[in-house]
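Here's the letter readout for the chains.
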Amino acid sequence: MCMSTKLKVGVVGTGKHASYHVKTWNTLKNVTIIGIHGSNAERLNYFAKRHGIACYQDYGDLVQRADIIDIVSQNHTHSDYAFMALKEASGIIIEKPLDIQYEKAQRLYRAAKSSGTVCSVVSQFRFHESFKYLKRLLDEGVLGDVEVCKISIVWPRDEQYYSNNQGWRADPSLAGGGVLIHQCIHFIDLACWFFGNASSVCGRENLKDGKRKCEVERSFWGEIEFVNGVICQIYFSTNPSVRERTIVEISGSKGMAMIMGNWLFIDTGSGIVKSMISNIKCNLLLQMKKRPNLLKYQLEDFVYSVLAKTTPRVSLKDGLIALKLVMSLYHSAQSGRRLTLQDNIL
């Protein structure tokens, strides 16, 4: 497809996240949204009118007119929409997860690799200043040989969150699962970014909300062992009665680092006073560079990659690896045993 001065973006989906994507695309200077596609005609028309963009009942028509396709539909449709756009689109970005079936996502990865279309999966926490700084510490060996990583995430979600839009988030056949695949796949991706390939996983899930049995898990906990020996302990929850928290703690032979919310704390045994001064300076710098809309920075990186025909900072392969771990954790929870991962999954 021949691209004009401004890249033309077509968005798929009419939910809350699609609305956020549209608003974010509108802040970029070198793109223009040409239309929206959705499976529900009534919702599609309302969404298009609300955002002042054209609605496309025919997805194929939107694909032919757009340079970039942004897929923000229900989880089980992600790979299907991407497959249909591979031949025409110059770039495809897919909201996580890549799909709810690993085999289908794997076929998409292989087809995209052959087509040459620039593809990416939304994983915007890689653009968070604290996580970027932590990645740099790990790459430079500041913490020494990493032994343990602990990730504890609570993002409260009430019952309305699961019942909205015909309740698809509460249906495992449409959503693929609950907190693990929806919210915390972000942190599975970060762990892979930090530590590389995983060798085994074990997990447990809680399918109850109080005394009421749920179809998708509201809490998940477990362990990921990486090839380099790092053990990553995870706890994820959407419990609405608990305060929100995001904690990532990494311990190594030379020190430790911990992220709490937007704050990063580092201890490398340099003394209390020196450590406090260093942390204050570090966090002041990070807060100055804080990016309130992380999605915007991923979309900017993706647009650059489409124009330059290069691999984006979050690739389709990254999304596939994260999905592989998520599905393996689910299988472990359902089987009640630790699973060893195969080496060549791609």
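Computed from a prediction, not measured in an experiment: that's the story for all the values here.

**Looking at the nonpolar core**
Counting residues in each nonpolar core, the largest one holds 77 residues, and the members touching the most others are Ile69, Ile151, Phe187, Ile188, Phe195 and Phe236. With 10 residues, helix 13 (residues 316–335) is the single largest residue contributor to this core. Excluding residues that lie within four positions of it along the chain, Phe195 makes contacts with Leu138, Val146, Cys149, Phe226, Asn228, Val230 and Ile250. Listed in part, the 24 residues of the second largest apolar core include Val22, Ala48, Val122 and Val303.

**Focus on the sheet that holds strand 13 (residues 256–260)**
The sheet built from eight strands is open, its strands ordered 14-13-12-6-11-10-7-15 with mixed pairing. Both edges of this open sheet fall to strand 14 (263–267) and strand 15 (339–340), since each of them pairs with a single strand only. Summarising the sheet, strand 12 (residues 245–252) and strand 13 pair through five bridges and their orientation is antiparallel. Opposite Ile250, over in strand 13, you have Ala257 as the bridge partner. Across the sheet, helix 13 lies against strand 7 (198–206), strand 10 (219–226), strand 11 (231–237) and strand 15, angled at about 55 degrees from strand 7, the strand it touches most.

**A short note on the sheet that holds strand 1 (residues 7–12)**
Sheet strands line up and pair through hydrogen bonds in the backbone, either parallel or antiparallel. Pairing is parallel across the open sheet formed by five strands, whose spatial order is 2-1-3-4-5. Two strands lie at the open edges of the sheet, namely strand 2 (31–37) and strand 5 (118–121), each paired on one side alone. The mean inter-strand angle of the sheet, taken between neighbouring strand axes irrespective of direction, is 20 degrees. Where strand 1 meets strand 2, six bridges bridge the pair, whose relative direction is parallel. By the bridge assignment, Val9 is partnered in strand 2 with Ile33.

**A closer look at the pairing of strand 10**
Pairing of strand 7 with strand 10, which is carried by eight bridges, proceeds in the antiparallel orientation. Within strand 10, the position partnered with Gly203 by the bridge is Gly222. With seven bridges connecting them, strand 10 and strand 11 associate as antiparallel partners. Paired with Glu225 across the two strands is Ile231, which belongs to strand 11. Remark: four residues form the turn of the hairpin made by strand 10 and strand 11, two consecutive strands paired antiparallel; Gly229 in that turn has positive phi of roughly 95 degrees.

**A few points about the side chain of His21**
Relative to the helices and strands, His21 resides in helix 1 (residues 16–25). In contact with His21, not counting residues within four places along its chain, are Asp70, Val72, Glu95, Val122 and Leu295.

**Looking at the pairing of strand 5**
On strand 5, burial covers both faces: Val118 and Ser120 on one face and Cys119 and Val121 on the other are all buried. Inspection of the sheet shows strand 4 (residues 91–94) paired to strand 5 by four bridges, in the parallel sense. Counterpart to Ile93 in the pairing with strand 5 is Ser120.

**A closer look at the packing of helix 4 (residues 78–85) against helix 5 (residues 102–115)**
In helix packing, the relevant descriptors are the interaxial angle and the interaxial distance, both defined with respect to the helix axes. Two elements in contact, helix 4 and helix 5, have axes whose closest approach is 10 Å; the angle formed by their N-to-C orientations is 20 degrees. Considered as vectors, helix 4 and helix 5 are oriented roughly parallel to each other. By crossing handedness, the relation of helix 4 to helix 5 is classed as left-handed. Within the contact between the two elements, helix 4 uses Ser79, Asp80, Ala82 and Phe83 and helix 5 uses Lys104, Ala105, Arg107, Leu108 and Ala111. A class-by-class count of the residues in the contact of helix 4 with helix 5 yields five nonpolar, one polar and three charged.

**A short note on helix 10 (residues 185–195)**
Within helix 10, 11 of the 11 residues are buried, which leaves it mostly tucked inside the rest of the structure. Along helix 10, the positions that sit buried rather than exposed are Ile185, His186, Phe187, Ile188, Asp189, Leu190, Ala191, Cys192, Trp193, Phe194 and Phe195. Directly beyond the C-terminal end of helix 10, a positive phi value near 90 degrees is found at Gly196.

**Re the packing of aromatic side chains**
Going through the model one piece at a time under the given rule, you end up with 11 aromatic pairs. Each ring, one from Tyr59 and one from Tyr81, has its centre 4.9 Å from the other, and the planes form 75 degrees; the classification is edge-to-face. Of this pair, Tyr59 sits in helix 3 (residues 59–65) while Tyr81 sits in helix 4, placing them 22 residues apart in sequence. For Tyr81, a relative accessible area of 11% gives the class buried. Pairing Phe131 with Phe187 gives two aromatic rings, centres 6.2 Å apart and planes at 70 degrees, and the pair type is edge-to-face. With Phe131 in helix 6 (residues 129–139) and Phe187 in helix 10, this residue pair connects regions lying 56 residues apart in the sequence. A relative accessible area of 1% places Phe131 in the buried class. A relative accessible area of 1% means that Phe187 is categorised as buried. Taken together, Phe125, Phe131, Trp155 and Phe187 form an aromatic cluster joined through their ring pairs. Directly above the aromatic system of Tyr161 lies the positively charged group of Arg169, at a separation of 4.7 Å from the ring centroid. Just above the ring of Tyr162 sits the side chain of Arg218; from NZ or CZ to the centre is 3.7 Å.

What counts, and at which threshold
Residues numbered from 1 in each chain as written. Predicted model: local features only at pLDDT ≥ 70, side-chain atom pairs only at ≥ 80, totals over all residues. Heavy atoms only, no water. Core = buried A, V, L, I, M, F, W, Y, C linked by side-chain atoms within 4.5 Å. Buried < 20%, exposed > 50% of the residue type's maximum accessible area, 1.4 Å probe, protein only. Helix = DSSP H or I, 4+ residues; strand = E, 2+ residues; numbered from the N terminus. Contact = heavy atoms within 4.5 Å. Pairing = 2+ DSSP bridges. Axes fitted to C-alpha atoms, helices over the stretch in contact; angles between N-to-C directions. Parallel < 35°, antiparallel > 145°, perpendicular 65-115°, else oblique. Left-handed = near helix turned anticlockwise from the far one by under 90°. Nonpolar A, V, L, I, M, F, W, Y, C, P; charged D, E, K, R; others polar. Phe/Tyr/Trp six-rings, centres within 6.5 Å; stacked < 30°, edge-to-face > 60°. Lys NZ or Arg CZ within 6 Å of the ring centre and 35° of its normal.

The values are spatial; any link to function lies outside them.
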